[in-house]
Amino acid sequence: MANAPALPRGQAGIVSFAQECWSELQKVTWPDRQTVIRLTVIVIVISAIVAAYILGADQIFTYLVNNVLLHQNLPTPAPSTP
């Protein structure tokens, strides 16, 4: 880097950091497209399963707290008059 122009101290650190990041990214073994798609689908499916589990647990706990512990029924909508 003998020909490189002199940079202010703050910019020299940023340039060095960017060069080191690029150097490290060149060493990464990136997965192929099929692997990325397969793993993405797995993450989405597992996330949906966990969300359904949490929703079910929340519904059960809501029922237990309102009906068993507090002896309150869930509010029912008022009948509509024609």
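What comes next is a walk through the structure. The shown structure was predicted, so the numbers you read here are calculated from the model rather than taken from an experiment.

### Quick word on the overall build of the protein chain
When helices and strands are tallied, the protein chain shows 2 helices and 0 strands. Every one of the 82 residues in the protein chain was classed for burial, and the buried ones make up 1%. Of the roughly 7,900 Å² of accessible surface on the protein chain, 68% is carried by carbon and sulfur atoms.

### Some thoughts on a nonpolar patch on the surface
A surface patch of nonpolar side chains, about 800 Å² in accessible area, is lined by I60, F61, Y63, L64, V65, V68, L69 and L70. As for its position among the elements, I60 is in helix α2 (residues 33-69). A residue is classified by how much of its surface remains accessible, and I60, at 52% relative accessible area, is exposed.

### Some remarks on α2
With 37 residues, α2 ought to run about 54 Å at 1.5 Å a step, and its terminal C-alpha atoms sit 52 Å apart, in line with that. Backbone geometry just after α2 places H71 at a positive phi near 55°.

The rules behind these values
- Residues numbered from 1 in each chain as written.
- Predicted model: local features only at pLDDT ≥ 70, side-chain atom pairs only at ≥ 80, totals over all residues.
- Heavy atoms only, no water.
- Helix = DSSP H or I, 4+ residues; strand = E, 2+ residues; numbered from the N terminus.
- Buried < 20%, exposed > 50% of the residue type's maximum accessible area, 1.4 Å probe, protein only.
- Areas by Shrake-Rupley, 256 points an atom, 1.4 Å probe, with all protein chains shown as cover.
- Patch = residues over 30% accessible without salt bridge, like charges linked within 9 Å, V, L, I, M, F, W, Y side chains within 5 Å.
- Salt bridge = Lys/Arg side-chain N within 4 Å of Asp/Glu carboxyl O.
- Expected span 1.5 Å × (residues − 1).

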